[in-house]
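Residue-level structure breakdown
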Amino acid sequence: MGFFENLKKKRALQKLEHQVESNPTPSNMATLSERYVQMGQIDKAFEISQQGVEAFPNSEKMIRTFKYVKKLQLQGKIRSLTEIIQKNPNPTSYGQLAMIYKDLGETHKAVEICNDLTSKFPLSENSYLIIGEIRYQRFHEDLLAKDGQIAIENLEKALELNESNYKALLLSAEIYIEIGSLPPAAKNLNQILEFAPTDERVRRLKDESEALIAEQGSESADDLEWLFIQVENRRQFTNIIRGMDAEKMIIPIAGPSKSQGDINEEEVRRQVNKLSKMPGLIGAIAMNKNTGAIIADRIVLRVKKEDLDGVIKTIYRISHNACLRMDVGGFMNGIIQGPFGHLHLLQVEGILLAVLTDNQTKAEITDRSLQELVPALANAVSLRR
Amino acid sequence: MQEILQRLNRGLGVRGSMIVTVDGIIVSSLMGQDLDDNRVAAIVSNVIQRTQEALESIELRKFSQYILTAVHGKMVIQDIGNAFLVVITDKGINLDHTLIEIKGAAFKIQSRAKIED
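Presented here is a report on the structure given in the accompanying data block. (Residues numbered from 1 in each chain as written. Chains lettered and ligands numbered in written order. Predicted model: local features only at pLDDT ≥ 70, side-chain atom pairs only at ≥ 80, totals over all residues. Heavy atoms only, no water.)

Examining the overall build of chain B
Across its full length, chain B carries three helices and five strands. Expressed as a percentage of the 117 residues in chain B, the buried residues total 55%. Of the contacts made within chain B by residues no fewer than 6 positions apart, 44% connect residues no fewer than 24 positions apart. Carbon and sulfur atoms provide 49% of the accessible area of chain B, an area that totals close to 5,500 Å². (Helix = DSSP H or I, 4+ residues; strand = E, 2+ residues; numbered from the N terminus. Buried < 20%, exposed > 50% of the residue type's maximum accessible area, 1.4 Å probe, protein only. Contact = heavy atoms within 4.5 Å. Areas by Shrake-Rupley, 256 points an atom, 1.4 Å probe, with all protein chains shown as cover.)

What follows is the structure, given as structure tokens:
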């Protein structure tokens, strides 16, 4: 590569770095990270994408870029573990590889590896533990009963194979506490204390669980399914665990709560108004995802607000149900393309935003504008969970 | 058709693909081990029918493509004339490349269908 070519690339990179400094949007940060990758500076790409994902945890583009760079960093490790598994399969290498995919968010790949591990080493608890962890995380993200139940099933299987597995005992105890089934939680925590008597975090959780059992009694373990469904319907845990280590507390949550957070409607209206400058806009509506109430709208052309509202609600409901039935978690966003143009649906915390554009406007342009709006919309919701 | 689906499934993060009619009849399917063909066809057919109805109610007519992103996966439903091509992927993938593959596959399927007609 020639001197001038290099100089040109260096200047373009500096320009991008300045852009990120003066205007650190998800789009700018992701572009800079991608440029670092192109130039082979993977560590720098990782650093900037990590900063980006911390600053904009709801930006899909940023999350995608971060995962891509992280995967590039881990490529060597994935290759060597795959080679080991092919030549000399063993539960540890399988477990490590599945954990890498789990951390990269490629949970289906991780589960595939776990299934392979179970078929080759049926007495290894690793695969059940990893699938249990994956479902534990999903349960905490989406509060879906199915995820919680599968997490418990797998963690219990791991415990059947190794009754002293610390992680399986602790994670299952946490789930039991969160759904309000305290006796099995206390039992698991006591079991940990038998081989780790100085673990203050576990002791504290056990004391808190036993105090709650004494205070309010508890549902029997036979009612687990019902307890999980209650959490899903309420969109809230029955008990929440707060605090670090020896400061851990169990806080019972009384009564059902339909909404996950308070929405600053003024801020949402301000953000939706910004869309009026978007090229090709026909209409935009932001609504409270839980109540269906319209918070803000910007109708520009040929469509009635009430009609668009009805269509959005139907499509959201059917899409969300489809996602749940396919076992891929809740609906996040959708882009519907047709001769009319594009209908974008985007869910941010408790807000559902729908934007209809004409057929002259590219979906990517609208998507980019919407992604820039995500951090502000997320900030407009103060989470209670 | 199987060949086309096989090629699609080779893409990074693709968990399976199928060709299904609006009323849920499977024309061809190549789903991953964790996905049940009939279940996916029933769910997708419901999404297609109800989405079409909703769009038609405000005179937006039918859709040609629906990209649906969930917390742990994505689904692309592509109109191919008399049926729909459905591709299920992992969530983490960049869809840009996969979408080009899907468009190419849709074109091939439509061309073959015309020849067979």
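Here we look at the interface of chain B and chain A
As a measure of interface size, the accessible area lost when the parts come together is often cited. Contacts between chain B and chain A engage 38 residues on the former and 37 residues on the latter. For the pair chain B and chain A, the summed buried surface comes to about 3,400 Å²; carbon and sulfur atoms form 62% of the total. Our count for the chain B to chain A interface comes out at zero salt bridges. Where chain B meets chain A, there are 14 residue pairs in polar contact (both at pLDDT 80 or more). Counting residues per element, the ones that place at least two in the side of chain B that touches chain A are α2 (37-57), β3 (65-70) and β4 (73-79) of chain B. Looking at the side of chain B that touches chain A element by element, the count peaks at ten residues for α2(B). Split into classes, the residues belonging to the side of chain B that touches chain A amount to 17 nonpolar, eleven polar and ten charged. Pairing of strand β6 (residues 331-338) of chain A with β3(B), which is carried by six bridges, proceeds in the antiparallel orientation. Note on β3(B): the bridge partner recorded for Q337(A) is Q65(B). (Buried area = accessible area lost by both parts, 1.4 Å probe. Salt bridge = Lys/Arg side-chain N within 4 Å of Asp/Glu carboxyl O. Polar contact = N/O pair within 3.5 Å; in protein donor to acceptor, adjacent residues only side chain to side chain. Nonpolar A, V, L, I, M, F, W, Y, C, P; charged D, E, K, R; others polar. Pairing = 2+ DSSP bridges.)

Topic: the side chain of N288(A)
All names here are of chain A. One can find N288 in strand β4 (residues 281-288). Under the relative-accessibility criterion, N288 is labelled buried at 14%. With residues up to four places along the chain from it excluded, the contact list for N288 reads I263, A293, I295 and G350.

Some details on the nonpolar core
Among the nonpolar cores identified, the biggest contains 44 residues, and I315(A), L55(B), Y66(B) and I77(B) are the most heavily contacted of them. Of all the elements, α2(B) adds the most residues to this core, at eight residues. Ignoring anything within four residues of it in the chain, the contact list for Y66(B) reads I315(A), S319(A), F331(A), G334(A), I335(A), I336(A), L345(A), V47(B), T51(B), M75(B), V76(B) and I77(B). Ranked by size, the runner-up nonpolar core spans 36 residues in total, among them L155(A), L224(A), F237(A) and I250(A). (Core = buried A, V, L, I, M, F, W, Y, C linked by side-chain atoms within 4.5 Å.)

Focus: the packing of helix α7 (residues 126-142) of chain A against helix α9 (residues 166-179) of chain A
Residue and element names in this part refer to chain A. Relative orientation of the contacting elements α7 and α9 amounts to 30 degrees, with a least axis distance of 11 Å. With respect to their mutual orientation, α7 and α9 come out roughly parallel. Considering the relative orientation of α7 and α9, their crossing is left-handed. For the pair formed by α7 and α9, the contact residues are L129, E133, Y136, F139 and H140 on the first element and K167, A168, L171, E174, I175, E178 and I179 on the second. (Axes fitted to C-alpha atoms, helices over the stretch in contact; angles between N-to-C directions. Parallel < 35°, antiparallel > 145°, perpendicular 65-115°, else oblique. Left-handed = near helix turned anticlockwise from the far one by under 90°.)

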